[in-house]
Amino acid sequence: MVSAGLHHVTAISGPARRNLDFYTRVLGLRLVKKTVNFDDPGTYHLYYGDADGAPGTILTFFPWEHVAPGRVGVGQTEETAFRVSEGSIGYWTHRLVAAGIAFEAPAKVFGETVLPFRDPDGMRLALVGVPGAEAEPAWSGSEVPPEHAVRGFHGVTLMLRHAAPTARVLTEVFGFSETGREGALTRYRGTAGLGASVTLREAGDFLPGRSGGGSVHHVAFRAADDAAQAAMAERAGALGLQVTEQRDRNYFRSVYFREPGGVLFEIATDDPGFSADEPAEALGADLKLPAFLEPHRAEIERVLPALA
């Protein structure tokens, strides 16, 4: 069993232009794909990541202009964390102050320095200082100096009533292993360089989460190819979980299931990647539509809000 880590995280936001500004200008991520929600084509689906849009770096959003705010709670992703170099936490603290972004004081979690903050919709994010991360690939086309740039995902924290059933999914379906406990937190790690960490917070009878602006819609795990995805899906089915049929998302192929704690999980293939319909140097430049929506391009473009 190969534990490949996270592929992407998909969340819900408010106005698309505000979302684009924050993630490309303040956080310095690259807009790697500008498309629409295939099930709601009047809404953008924006993908942010590194220079190549590599699996393990991709944070995506469905931006709805007037979305009601969500509430973090049981059955949801509590926090999405990115990797930066260990020496960059000071830089990012000053950058968040200058940008007027709410953040908490850096703290040690599982021996790593973590800087928690929130995006304009209240989504809980964190930067984790990782020794040696400055030597890893990063997008250098933003105003963030390359040595301080985000290097992709560190991992996610899930808030659950009971952690054990979800832990079984992480270990038996995805090949993660428990690596530590701190209070209500238990950390599981895979072997991937990016997005290898999933932390479970056992919250008991805390309030259930509510989907909306600032909340995570689903967490996607990597599969190298269709065969690896099918093997994971089979293992999930053996645990009694209901896995969907495969769906073509143009840049990866996906299956979905809801894990026992209520969080929606996806298994996404690495291929074909974000260069499937535009060259790597032009990622995110144009609105890309799947073939079944291309005949409706003019109508779709009329209803989508301007991004610039």
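Quick caveat: nothing in here was measured; it's all calculated off a predicted structure.

A.B. asks: Looking at this structure, how should I read the layout of surface pockets?
C.D. replies: Left-over empty space is what a probe sized like a water molecule reveals as it rolls over the atoms. Roughly 410 Å³ of volume is contained in the largest pocket. Considering the residues around the largest pocket, the lining is formed by 25 residues, among which Glu79, Val114, Pro116, Ala126 and Arg201 are closest to the centre. Elements with a contribution of two residues or more to the lining of the largest pocket: strand 5 (76-85), strand 6 (107-109), strand 7 (112-118), strand 8 (124-130), strand 9 (153-160), strand 11 (185-189) and strand 12 (197-202). Class assignment for the residues of the lining of the largest pocket results in 13 nonpolar, five polar and seven charged. Taken as a whole, the second largest pocket spans an internal volume of roughly 270 Å³. Sorting the residues of the lining of the second largest pocket by element identifies strand 1 (6-13), strand 2 (30-37), strand 3 (40-49), strand 4 (58-63), strand 13 (216-223) and strand 16 (264-269) as the ones contributing at least two each. For the lining of the second largest pocket, a count of residues per class yields eight nonpolar, seven polar and four charged.

A.B. asks: Honestly, empty space enclosed by the protein in this entry has me stumped. Any pointers?
C.D. replies: Tallied over the entire structure, the rule returns two cavities of 30 Å³ or more. In this structure, the largest cavity encloses a volume near 60 Å³. When grouped by side-chain class, the residues that make up the lining of the largest cavity number six nonpolar, four polar and two charged. Estimates place the volume of the second largest cavity at around 40 Å³. Considering the residues around the second largest cavity, the lining is formed by Val72, Thr77, Glu78, Glu79, Thr80, Met123, Arg124, Gly214, Ser215 and Val216. The class makeup of the residues in the lining of the second largest cavity is three nonpolar, four polar and three charged.

A.B. asks: I tried to follow the pairing of strand 10 (residues 177-182) on my own but got confused; where do I start?
C.D. replies: Along any regular strand, the residues point their side chains to alternate faces of the sheet. Sheet topology note: the strand 10/strand 11 ladder contains five bridges and is antiparallel. Looking across to strand 11, one finds that Ser177 is bridged to Arg189.

A.B. asks: Mind showing me how you'd approach helix 4 (residues 226-238) here?
C.D. replies: Its 13 residues place the ends of helix 4 18 Å apart at the C-alpha level, agreeing with the 18 Å of an ideal helix rising 1.5 Å per residue. Every buried residue of helix 4 is listed here: Gln229, Met232, Ala233 and Ala236. Projected onto a plane normal to the axis of helix 4, the buried residues spread over an arc of 100° and lie on a single side. Those residues of helix 4 that are exposed and angled more than 90 degrees off the buried face are Ala227, Glu234 and Ala238. The elements touched by buried residues of helix 4 are strand 13, strand 15 (253-258) and strand 16. The distance from a side-chain oxygen at the start of helix 4 to the backbone nitrogen of Ala227 is 3.2 Å, and the residue carrying that oxygen is Asp225. Of the residues one or two after helix 4, Gly240 is the one with positive phi, at around 85°.

How each quantity is defined
- Residues numbered from 1 in each chain as written.
- Predicted model: local features only at pLDDT ≥ 70, side-chain atom pairs only at ≥ 80, totals over all residues.
- Heavy atoms only, no water.
- 1 Å grid on protein atoms, 1.4 Å probe; cavity = no way out; pocket = protein on both sides within 12 Å on 5 of 7 lines; lining within 4 Å.
- Points joined across faces, edges and corners; volume = space filled by probe spheres on them.
- Helix = DSSP H or I, 4+ residues; strand = E, 2+ residues; numbered from the N terminus.
- Nonpolar A, V, L, I, M, F, W, Y, C, P; charged D, E, K, R; others polar.
- Pairing = 2+ DSSP bridges.
- Expected span 1.5 Å × (residues − 1).
- Buried < 20%, exposed > 50% of the residue type's maximum accessible area, 1.4 Å probe, protein only.
- Arc of directions from axis to C-beta.
- Contact = heavy atoms within 4.5 Å.
- Polar contact = N/O pair within 3.5 Å; in protein donor to acceptor, adjacent residues only side chain to side chain.

That is the geometry; function is a separate question.
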